[in-house]
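What follows is each chain in one-letter form.
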Amino acid sequence: DKYIRVIWRCNRKYDNGQKCCTPHVSETQITDKFMTAFNQIFTEREELFSTFDMIKDTLFCTDMLTAKQAELENEMHLISGMMHQALRDNASVAQDQNEWSRQFDALEQRMNDAKSKYESVSAEIADKLLRQSEMDAFFAYLKKQKSAVTIFTDDMWLSLLDYATVYDKDDIRFTFRNGTEI
């Protein structure tokens, strides 16, 4: 239908009663600017490949985090054993319950702290692995591309782009999965 066109607008256009003043843009504007941005990255791809090869081992290394994770896991196992022993001792030997409760609460706090640190380290490892996977997919797509693009594809958009930000009709910034903003 000649009267229907696809437009893109801010995700928060009507949030909380405050209207976003960013203009809507047509799909053609977005795809044309995206292809221009991609072609700019394509021309610099050899430099991107060499830079990525130099830093990827450092950037995505999880050896220290994995060691910290194992250390925290051992600490949680040790604290758990201490808590079980305290429970067995309390059940079998008469003790001052206030003192026992204070000691057990301290163990419980120590366990919660270790668990919190363990979850934080695990999340950091998962984040690094996810970012590595995204970067690998980005560079794999870039490697298989033999020439600059003239036709937009959804696959290209999904494989390469992290997000796009529209500041004005003529100021659209694309942030690619490798962190490059154009």
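Quick note: structure is the one above.
A.B. asks: Just checking my understanding: could you explain the packing of helix 2 (residues 45–59) against helix 4 (residues 97–144) for this structure?
C.D. replies: Relative orientation and spacing of two packed helices are given, respectively, by the angle between their axes and the distance between those axes. Relative orientation of the contacting elements helix 2 and helix 4 amounts to 160°, with a least axis distance of 12 Å. Relative to helix 4, the element helix 2 is oriented roughly antiparallel. With respect to the hand of their crossing, helix 2 and helix 4 are arranged in left-handed fashion. Listed contacts from helix 4 to R45, L48, F49, F52 and L59 of helix 2 are K128, M135, D136, F139, L142 and K143.

A.B. asks: It is not clear to me how the side chain of T175 should be interpreted in this structure. Could you clarify?
C.D. replies: As for its position among the elements, T175 is in strand 4 (residues 171–176). The buried category is assigned to T175, whose relative accessible area is 8%. The residues touching T175, leaving out its near neighbours within four places in the chain, are L161, D162, Y163, T180 and E181.

A.B. asks: Hey, could you run me through helix 3 (residues 63–92) in this one?
C.D. replies: Residue pairs three or four apart in sequence face the same way in an α-helix, which turns once every 3.6 residues. Here helix 3 contains 30 residues, and its C-alpha end-to-end distance of 44 Å stays within 8% of the 44 Å for a straight helix at 1.5 Å per residue. All of the buried residues along helix 3 are L65, Q69, L72, M76, I79, M83 and A86. Here the buried face of helix 3 lies against helix 4.

A.B. asks: Could you clarify how one ought to interpret the pattern of salt bridges in this entry?
C.D. replies: Pairing between side chains becomes possible if they bear opposite charge and their charged atoms approach one another. Applying the stated criterion across every chain, the model contains seven salt bridges. With its nearest N and O atoms 2.4 Å apart, the salt bridge here joins R102 to E99. Of the two residues, R102 and E99 are both situated in helix 4; the distance of three residues between them amounts to about one turn of the helix. Since its relative accessible area comes to 51%, R102 is described here as exposed.

A.B. asks: I keep staring at a nonpolar patch on the surface and nothing clicks. Help me out?
C.D. replies: On the surface, M54, I55 and L59 cluster together to form a nonpolar patch covering roughly 290 Å² of accessible area. Inspection of the secondary structure assignment puts M54 in helix 2.

A.B. asks: Looking at this structure, I do not really get the environment of F38. What am I missing?
C.D. replies: Along the polypeptide, F38 turns up in helix 1 (residues 27–43). A relative accessible area of 0% means that F38 is categorised as buried. Separated by 136 residues in sequence, F38 and F174 place their C-alpha atoms 9.1 Å apart. Not counting residues within four places of it along the chain, the set of residues in contact with F38 comprises L142, Q145, V149, M156, L160 and F176.

A.B. asks: Teacher, can you tell me more about the packing of aromatic side chains here?
C.D. replies: Any aromatic ring pair is given by two values, namely how distant the centres are and how the planes are angled relative to each other. Counting across every chain of the model gives 13 aromatic pairs. Ring plane angle 55° and centroid distance 5.7 Å describe the contact between F49 and F139, whose orientation is recorded as tilted. Taken as a pair, F49 in helix 2 and F139 in helix 4 lie far apart in primary sequence, 90 residues in all. Pair check on accessibility: F49 and F139 agree, each one buried. The rings of F34, F49, F52, F60, F138, F139, F152, W157, F174 and F176 are connected pair by pair, giving a single aromatic cluster. The residue whose ring lies beneath K143 is F49, and the NZ or CZ to ring-centre distance is 5.4 Å.

A.B. asks: Help me understand the nonpolar core, please; the structure alone is not making it clear to me.
C.D. replies: Proteins that are soluble and globular tend to have nonpolar side chains buried together. Core analysis: the largest hydrophobic core is formed by 25 residues, its most contacted members being F139, L142, M156, F174 and F176. Secondary structure elements with two or more residues in this core: helix 1, helix 2, helix 4, helix 5 (154–160) and strand 4. Broken down by element, the residue count for this core peaks at seven residues, all from helix 1. Those residues in contact with M156 that lie beyond four places of it in its chain are F34, M35, F38, Y141, V149, I151 and L161.

Cut-offs and rules
- Residues numbered from 1 in each chain as written.
- Predicted model: local features only at pLDDT ≥ 70, side-chain atom pairs only at ≥ 80, totals over all residues.
- Heavy atoms only, no water.
- Axes fitted to C-alpha atoms, helices over the stretch in contact; angles between N-to-C directions.
- Helix = DSSP H or I, 4+ residues; strand = E, 2+ residues; numbered from the N terminus.
- Parallel < 35°, antiparallel > 145°, perpendicular 65-115°, else oblique.
- Left-handed = near helix turned anticlockwise from the far one by under 90°.
- Contact = heavy atoms within 4.5 Å.
- Buried < 20%, exposed > 50% of the residue type's maximum accessible area, 1.4 Å probe, protein only.
- Expected span 1.5 Å × (residues − 1).
- Salt bridge = Lys/Arg side-chain N within 4 Å of Asp/Glu carboxyl O.
- Patch = residues over 30% accessible without salt bridge, like charges linked within 9 Å, V, L, I, M, F, W, Y side chains within 5 Å.
- Areas by Shrake-Rupley, 256 points an atom, 1.4 Å probe, with all protein chains shown as cover.
- Phe/Tyr/Trp six-rings, centres within 6.5 Å; stacked < 30°, edge-to-face > 60°.
- Lys NZ or Arg CZ within 6 Å of the ring centre and 35° of its normal.
- Core = buried A, V, L, I, M, F, W, Y, C linked by side-chain atoms within 4.5 Å.

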